[in-house]
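# Residue-level structure breakdown
Now for the letters of each chain:
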Amino acid sequence: MSETRGAGGAGERDTAASDIPPYRYTATLAGQIEPRWQDFWEENGTFHAPNPTGPLADASHPRAGAQKFFVMDMFPYPSGAGLHVGHPLGYIGTDSYGRYLRMAGRNVLHAMGFDAFGLPAEQYAVQTGTHPRKTTEANVERYRAQLRRLGLAYDDRRSVATTDVAFYRWTQWIFLRIFNSWYDTEQHRARPIADLISAFEAGARPTPDGRAWGELSPVEQRTVVNDHRLAYISEAPVNWCPGLGTVLANEEVTADGRSERGNFPVFRRSLKQWMMRITAYCDRLIDDLDTLDWPEPVKLMQRNWIGRSTGAHIDFAVGDQRGDFAVGDQRGDFAVGDQRGDSPTSAGPMRVFTTRPDTVFGATYMVMAPEHDLVDALVADAWPEGTKPAWTGGHANPREAVDAYRKFAAGKTEVERTAETRDKTGVFIGAFATNPATGEPIPIFIADYVLAGYGTGAIMAVPGQDERDWEFAEVFDLAIIRTVQPPEGFEGKAYLGEGPAINSASPTAGLSVDGLGVADAKAKTIEWLEANSAGQGAVTYRLRDWLFSRQRYWGEPFPIVFDETGLPIALPETMLPLELPDIDDFSPKTFDPNDADTSPETPLSRAREWVEVELDLGDGPKRYTRETNTMPQWAGSCWYELRYLDPTNDASFVDLENERYWMGPQSPSDSGGVDLYVGGVEHAVLHLLYARFWHKVLYDLGHITSFEPFRRLFNQGYIQAYAYSDERGMYVPAEEVSEVVEGGTTSYYYGEKKVKREYGKMGKSLKNVVTPDDMCAAYGADTFRVYEMSMGPLDVSRPWETRAVVGSYRFLQRVWRLVVDEATGEPRVVDVEIDPETERLLHRTIAGVRADMDGLRFNTSIAKLIELTNRATSVTAGGTPRALAEPLVLMTAPFAPHLAEELWQRMGHEHSLAYEPFPVADPALLVAESVTYPVQVNGKVRGRIEVAAEASEDEVRAAALAEVASALDGRDPRKVIVVVGRMVSVVV
RNA sequence: GCCCGGCUAGUCCAAUUGGAGAGACGCCGCACUUAGGAUGCGGAGGCUGUGGGUUCGAGUCCCUCGCCGGGUACCA
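Since the model is a prediction, treat every value here as computed from it, not as a measurement.

Turning to the nonpolar core, a few remarks are in order. Formed by 163 residues in total, the largest nonpolar core has its most connected members in Phe175, Trp546, Phe548, Phe653, Trp694 and Trp800. Ranked by size, the runner-up nonpolar core spans 55 residues in total, among them Met350, Tyr365, Phe428 and Leu511.

Below, the structure written as structure tokens:
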């Protein structure tokens, strides 16, 4: 070893080679050790986890039948840019945790996969003419190599990519299960569609129009069945994004109406698309959150996204003149998952949804969304007598006013609407509704503060108990009636709180809730509404069904064909996988991003020879047309955790017994699921909601035993980076910027130039990217791992600082030096006793490290190891006691596995330490022999006493009082507080 | 606007139920070196964002304000 220089790292760049002891732990040495152990682990299958059954079962494995632990990361999309140092933070965390648990006796399953379908590969393909599969596979290989270099203990047999045909075969299979299922609202679960058909055939379930099942034509029967499927085609308003050339799910559209990916404008268009009936699961998706060990903010975001509101539908009779009211038929209950926009279409009653039916007596006007279907039917020809000037918007008649307002509302972008500080706008439509409780006519307005997309698109306005309604009432000079008594001294406007109902009685209507609290008043009002056919209790949700089709090439094809009726038919499972056709022109048609009047066109539709197909689906060979949409990128990530369990299974997506072992419930009330799932919070509503939905369908159908996919979720923080820009706003290379502290303030210089620091993402354009490859070359993977884990708690975001990595490097060098003589390379571990004080520290460290590891507090765990190492360094000049070196190496192993394996071997062990028991503290050595108590007098420390650990409280008190006698100065202590093991406080 | 986090040394960050402020980077000094670096040893540096409250005692509990980050945005 004449040449020991690292690749320019670790501050050695100016050092003469001969000065460094030949056997020092350097980046070069790490670069030799690390690949060797990576090869060893791979060749020996060290991290293969045994299944209970199937090809991956192995009864001779040291952890066969042991208590399991399934740890997982959110798998990455393999982008062309490769990994930067921020990406592996969570992976190193789960790896360290998994290695620890494996040593602690658990059977640990940890695998990594790739979410490889998706837009970037396709966009790159369009630009370069490269097939997306080629780009994707190259990127996956690059990721695999980068991750392997970090020494992650994955079971490589279980790695999957969503683009593997063998994987998406099962994605398609699951789609077919969903397509062939319906939601039974009585049993509250998905059931096979065959059960529904049987029920129709037997007459046990009425058809929608009441005819006997046999009287329906085959096409009518199929249509009825299709309307119940959990995956269905619907013509409904969807998010059309011309810039991406595809439609998007609601979850993929930002609040200001743009695509989350690419930031293109999104337009509402009515199009025929595949939907997933996720709304059938609203209640379970909300209620089951309570069983999960997830960060509260994520649960909250899911609850908000699903948006369950409990209240009532109320029907208001309407008419265009006072006293002339059309009373229409009652509408039936809204089915769960009902798409809205389906408000009454004729001038029937005006149905509203409210969470406060108890305030109906305070409803002094009505508001519809400008787009509401009833507006055209109700708008009057002339302003009725008594119309206030403010109501007309200055227009000659209601029709003109409505047209003008609609134009005004439609012309505003979402951004403008929010920027306008919510000044209430709207216009009277010249018509009145009747308040069913008071019998009074109340005016109907249209206003954009009522959204077409929520509830029924219309509200009863109760200014007394609603801030928005109050504001509107003030602007338009409308009546305000309080129906809840605000508390004494209440000075606000609308009162939303608890209180007794007032002004809420009508002898003619037969309803009085006066004096009742809000909950009771609600219940009584709903009862009255139902008894008088004026409405009923109802629950609404903000969540809409999941738009599941995309007009892209690079996604899973739907295993669906259409026959001459245009109705979909599922391919039989024997025809799976349905592979993507290999076409030349896989580019989707994209459009001017701002052109709303365009329509999607699928790349697959151009593959005519694939689309037009002759198949025998049981009725003999017939011509069919294939579905040409593909599934969204989320499809593969909805179930990949299950495939890790049984990746080679050809007969099933996962064997039930394997699933039960790895993910099954651990107690009667347990949801089951992955034991620890680590990933970024950005998937709080998208991936995590979709994956829960699919999991529940599979659970309902009996394919799995867990009813939630991820029992415990942990959101890791992000590693961000500083970027520096000069006075022109140009970014300068971050690694060349120096920090200067002048008089308490810190400035940053690039050469002579002062530069401005900002904090944000790592990216090429900001000139602040640092890659794990750089760090491995400069310090080795172990140093990189230790640094990432010691920077701070896993859930906190922090800035990357290459400068500070050297601290972790020095720590590992000290550990190495404890075991290996730097001059000779010989072990310097000796079989002597540890001095008692160091031994106590060792056991305190063991106990502390275990507790920290269990709590995912890797940073403090490492701090304790550093303390122990520093202590050991200073007391082991003649050699390191084996009883100290071995536990230290074992405890370091989860973070610096290559170094630990190497040292373990050099200490004379033949086998990998991956399955060595993690050190256990001796409780006898955890208690100190003596305790130092600070003694406070009136809150200030005036002395210290050292007493035996088992000293009684009285002894401590006596010693303390003696110690501070001079400070007491003869005064009598009023009170003496002894906190055993902690301190003494004297009050005079 | 509303809802969550967070604020401890020049920097990143520790501190079980309230009970003498971990670790790392950087900085300074000493040893080893022709020197520098590396390594070893030692050291300095903090009225815990502001103002109040509860307590014998507050980084920790309560309230006010300020700053930073995230989510959400008229959801009836």
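Structure's up, so let's keep going.
On to the confidence of the model for chain A, then. Close inspection of predicted coordinates is inappropriate for parts of the model with low pLDDT. For chain A, the mean per-residue pLDDT works out to 86, and 92% of the residues sit at or above 70. Highest mean pLDDT in chain A belongs to helix α18 (residues 640–645) (98); lowest belongs to strand β9 (residues 324–326) (39). Counting interchain partners and residues more than four positions distant, the pLDDT-below-50 stretch residues 1–18 has 30 contacts. Confidence drops under a pLDDT of 50 for residues 320–346, and excluding neighbours within four residues, the segment shows 60 contacts in the predicted structure.

Turning to the protein's contact with RNA strand B, a few remarks are in order. In the vicinity of RNA strand B, 58 residues are found, and the nearest of them are Thr355, Arg468, Pro793, Arg944 and Ser985. Here, RNA strand B places atoms within 4 Å of the protein, and 59% of those atoms are sugar or phosphate. Between RNA strand B and the protein, one listed contact pairs a sugar or linking oxygen with a backbone N or O atom of Tyr449 at 3.4 Å. Listed by contribution, the elements that provide at least two residues to the surface near RNA strand B are α9 (296–306), β10 (350–354), β30 (798–799), α23 (805–819), α25 (858–875), β33 (930–937), β35 (975–979) and β36 (983–987). Counting residues per element, the surface near RNA strand B draws most heavily on α25, which supplies 7 residues.

Moving on to the sheet that holds strand β18 (residues 546–547). Here 4 strands make up an open sheet; going across it, the order is β6-β5-β7-β18 and the pairing antiparallel. Either end of the sheet is taken by a strand with one partner, and the two such strands are β6 (246–248) and β18. As defined by bridge partners, strand β7 (residues 267–276) adjoins β18 across 2 bridges and the pair is classed as antiparallel. Note that in β18 the partner of Met275 across the bridge is Leu547. Sheet strands touched by helix α5 (residues 165–179): β5 (231–241) and β7. Its angle to β7, the strand with the most contacts, is close to 95 degrees.

Here we come to the environment of Ile446. Summarising the element assignment, Ile446 is placed in strand β13 (residues 441–446). For Ile446, a relative accessible area of 0% corresponds to the buried category. Measuring from C-alpha to C-alpha, the distance between Ile446 and Asp597 comes to 26 Å, with 151 residues separating the pair along the chain. Excluding its chain neighbours within four sequence positions, the residues that come into contact with Ile446 are Val367, Met368, Ala369, Pro370, Val375, Val402, Tyr405, Gly426, Val427 and Ile429.

Within the fold, Lys764 resides in the loop between β29 (753–760) and α21 (772–779). Sequence separation of Lys764 and Ile846 is 82 residues, and the distance between their C-alpha atoms is 42 Å.

Thresholds, definitions, all that
All residue numbers refer to positions counted from 1 along the written sequence of the respective chain. Chain letters start at A and ligand numbers start at 1, both assigned in the order the entries are written. Totals for whole chains, interfaces and linings use every residue, but because this is a predicted model, local features are given only for residues with pLDDT of at least 70 and side-chain atom pairs only at 80 or more, for both listing and counting. Just so you know, side-chain values use all the structure's heavy atoms and leave hydrogens and water out. The term nonpolar core refers to a set of buried residues drawn from Ala, Val, Leu, Ile, Met, Phe, Trp, Tyr and Cys, joined through side-chain atoms within 4.5 Å. Burial classes: relative accessible area under 20% of the type maximum marks a residue as buried, over 50% as exposed, and values in between as partly exposed (1.4 Å probe, protein chains only). For every residue, the predictor reports its confidence as pLDDT, a number between 0 and 100. Helix and strand definitions here come from DSSP, where helices need a minimum of 4 consecutive H or I residues and strands a minimum of 2 consecutive E residues; each element is numbered from the N-terminal end. The contact definition used throughout considers only heavy atoms, calling two residues in contact when any of these lie within 4.5 Å. The cutoff for a nearby residue is simple: one of its non-hydrogen atoms must lie within 4 Å of the molecule or strand. What qualifies as a polar contact is a pair of N or O atoms within 3.5 Å, subject to a donor-acceptor requirement within protein and to the restriction that residues adjacent in sequence count only when both atoms come from side chains. Following DSSP output, two strands are said to pair if at least two bridges run between them. Every angle, taken between N-to-C directions, lies between 0 and 180 degrees, and every axis is a line fitted to C-alpha atoms, over only the stretch in contact when it is a helix.

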